[in-house]
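# Structural description and commentary
Each chain is listed here by its residues.
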Amino acid sequence: MALEAGIVVKALQVMRDEGHLSDALLRKAVRSVAESDDERYHWVGVYLLNEADQELWLHNYVGPGTEHSKIPVGKGICGRAVAERTNLNVPDVSKEENYIACQMETQSELIVLIRAGDEIYGQIDIDSDDMDAFTEEDETSLMAIADKLAEQIAAERRKE
Ligand code: SME
């Protein structure tokens with residue numbers, strides 16, 4: 001099975017139209033991504049950026065439990081993506097100096113930022129037990145989903 005980003009984005013928009021908040025959309029997105037490819041996506045989660053503490057806080061995930069519920073900006077692959085304001089596709093995590101292991105089985109990792117322009121809200125994080133598991137297509141699909149999530153988060157923040 002492959003990730004059908006268009007279908008996920010539409011489902012998220014339907015939820016927005018029905019008045020669901022980002023919390024529900026973030027859970028739906030993680031579940032949909034995880035279910036789309038359980039042969040490559042072995043852990044899927046969302047971390048949200050806590051600006052005040054400069055930490056990523058784990059919002060929700062599908063996969064084995066992890067003790068890394070809070071990751072400082074700049075630490076790990078997750079924190080590096082935020083510090084460098086970029087998505088990261090790491091084909092071999094054992095070659096990454098700044099890697100924080102959640103599961104021993106993980107071999108590759110993809111981070112796609114949830115952002116609206118310069119504003120970073122968080123990230124979608126996927127771990128795979130396969131080496132070099134992620135393609136540009138994965139990144140593009142996840143960016144479409146991340147953009148829809150960012151739209152909702154931005155709308156909620158404007159109302160605060
Ligand atoms: N590997 C990540 C930590 C998060 S876990 O993959 C769930 C990192 O290096 O930042």
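Below is a short write-up of the structure. Predicted, not measured: the structure shown is a model, and the values here were computed from it.

This part takes up the nonpolar core. Of all hydrophobic cores here, the largest spans 30 residues; its most connected members are Ile 114, Ile 124, Ile 145 and Leu 149. Those elements that provide at least two residues to this core are α1 (5-17), α2 (22-36), β1 (43-50), β5 (108-116), β6 (119-128) and α4 (136-158). Tallying contributions element by element places α4 first for this core, with seven residues. With sequence-adjacent residues up to four places away left out, Ile 145 is seen in contact with Leu 3, Ala 5, Val 8, Val 9, Leu 12, Ala 29, Val 33 and Ile 124.

This paragraph deals with the sheet that holds strand β3 (residues 70-72). Pairing in this open sheet of six strands is antiparallel, and the strands run β3-β2-β1-β6-β5-β4 from one edge to the other. The outermost strands of the open sheet, each flanked by one partner alone, are β3 and β4 (88-90). The average angle at which neighbouring strand axes cross in this sheet is 20°, direction not considered. In this structure, β5 lies alongside β6, joined through nine bridges in antiparallel fashion. What sits directly across from Val 112, in β6, is Ile 124. Here α2 sits on the sheet and contacts β1, β2 (55-62), β5 and β6; the angle it forms with β2, its principal contact strand, is near 60°.

Relative to the elements of secondary structure, Asn 50 occurs in strand β1. In this structure the side chain of Asn 50 is engaged in a polar contact, spanning 2.9 Å, whose partner is the backbone nitrogen of Asp 53. The residues contacting Asn 50, other than those within four sequence positions of it, are Glu 55 and Trp 57.

Let us now look at the site of the ligand. Every residue near the ligand is listed here: Trp 43, Tyr 47, Ile 71, Gly 76, Ile 77, Cys 78, Tyr 99, Ile 100, Cys 102, Glu 109, Asp 125 and Asp 127. Side-chain polar atom of Glu 109 to a nitrogen atom of the ligand: 2.8 Å apart, as the coordinates give it. For the ligand, the accessible surface in isolation is 300 Å², of which the surrounding protein chains cover 100%. The set of elements that each furnish at least two residues to the shell around the ligand consists of β1, α3 (76-83) and β6. In terms of residues, the shell around the ligand owes the most to one element, α3, which gives three residues.

Attention shifts here to a negative patch on the surface. Residues Glu 35, Asp 38, Glu 39, Glu 105, Asp 129 and Asp 130 make up a contiguous surface patch of negative charge. One can find Asp 38 in the loop between α2 and β1. Take Asp 38: its relative accessible area is 56%, and that puts it in the exposed class.

In this section: unusual backbone geometry. Although it is not a glycine, Gln 54 adopts a positive phi angle of roughly 50°. With a phi close to 55°, Arg 85 is a non-glycine residue in the positive phi region. Mapped onto the elements, Arg 85 comes out in the loop between α3 and β4.

Next up on the list: the packing of α1 against α4. Put simply, α1 and α4 touch, their axes get as near as 8 Å, and they point 10° apart. The angle between α1 and α4 falls in the class roughly parallel. Crossing geometry of α1 relative to α4 is assigned as right-handed. Of the residues in α4, those touching α1 at Ala 5, Val 8, Val 9, Leu 12, Gln 13 and Arg 16 are Ser 141, Ala 144, Ile 145, Lys 148, Leu 149, Glu 151, Gln 152 and Ala 155. A class-by-class count of the residues in the contact of α1 with α4 yields eight nonpolar, three polar and three charged.

Reading the values: rules and limits
Counting starts from 1 at the beginning of each chain's written sequence and moves along it residue by residue. It should be noted that, the model being predicted, local features are given only for residues of pLDDT at least 70 and side-chain atom pairs only at 80 or more, the latter also being counted only at that level, while totals for whole chains, interfaces and linings use all residues. Based on all heavy atoms of the structure, the side-chain values leave hydrogens and waters out of the count. As used in this record, nonpolar core signifies buried Ala, Val, Leu, Ile, Met, Phe, Trp, Tyr and Cys residues forming a set joined through side-chain atoms within 4.5 Å. Categorising residues by exposure relies on relative accessible area from a 1.4 Å probe, with only protein chains included: less than 20% of the type maximum marks a residue as buried, more than 50% marks it as exposed, and the intermediate range marks it as partly exposed. Under the scheme used here, helices are H or I runs from DSSP no shorter than 4 residues and strands are E runs no shorter than 2 residues, and both carry numbers assigned from the N terminus. Note on definitions: a residue-residue contact is assigned when non-hydrogen atoms from the two residues lie within 4.5 Å. The rule for pairing is simple: two strands pair if DSSP sees at least two bridges between them. For every element, the axis is a line fit to its C-alpha atoms; helices are fit only across the contacting stretch, and the angle between N-to-C directions ranges from 0 to 180 degrees. Pairing of N or O atoms within 3.5 Å defines a polar contact, subject to two protein rules: one partner must be a possible hydrogen donor and the other a possible acceptor, and residues neighboring in sequence count only if both atoms are side-chain atoms. Proximity criterion: a residue is near a molecule or strand once any of its heavy atoms comes within 4 Å of it. Every accessible area reported is derived by Shrake-Rupley at a probe size of 1.4 Å, with residue values counting cover from the shown protein chains alone. Residues forming no salt bridge and having over 30% relative accessible area are the ones grouped into patches, like charges within 9 Å of each other and nonpolar side chains (Val, Leu, Ile, Met, Phe, Trp, Tyr) within 5 Å. Whenever a carboxyl oxygen of Asp or Glu lies within 4 Å of a side-chain nitrogen of Lys or Arg, that contact is scored as a salt bridge. All tallies of charge rest on Lys and Arg as positive and Asp and Glu as negative; His and the ends of each chain are not included. Here the site of a charge means NZ on Lys, CZ on Arg, CG on Asp, or CD on Glu. Roughly parallel means an angle under 35 degrees; roughly antiparallel, over 145; roughly perpendicular, 65 to 115; everything else is oblique. In this scheme, a crossing is called left-handed if the near helix is turned counterclockwise away from the far one by less than a right angle; it is called right-handed if the turn is clockwise. Any residue outside Ala, Val, Leu, Ile, Met, Phe, Trp, Tyr, Cys, Pro, Asp, Glu, Lys and Arg is labelled polar, Gly included; the first ten of those are nonpolar and the last four are charged.

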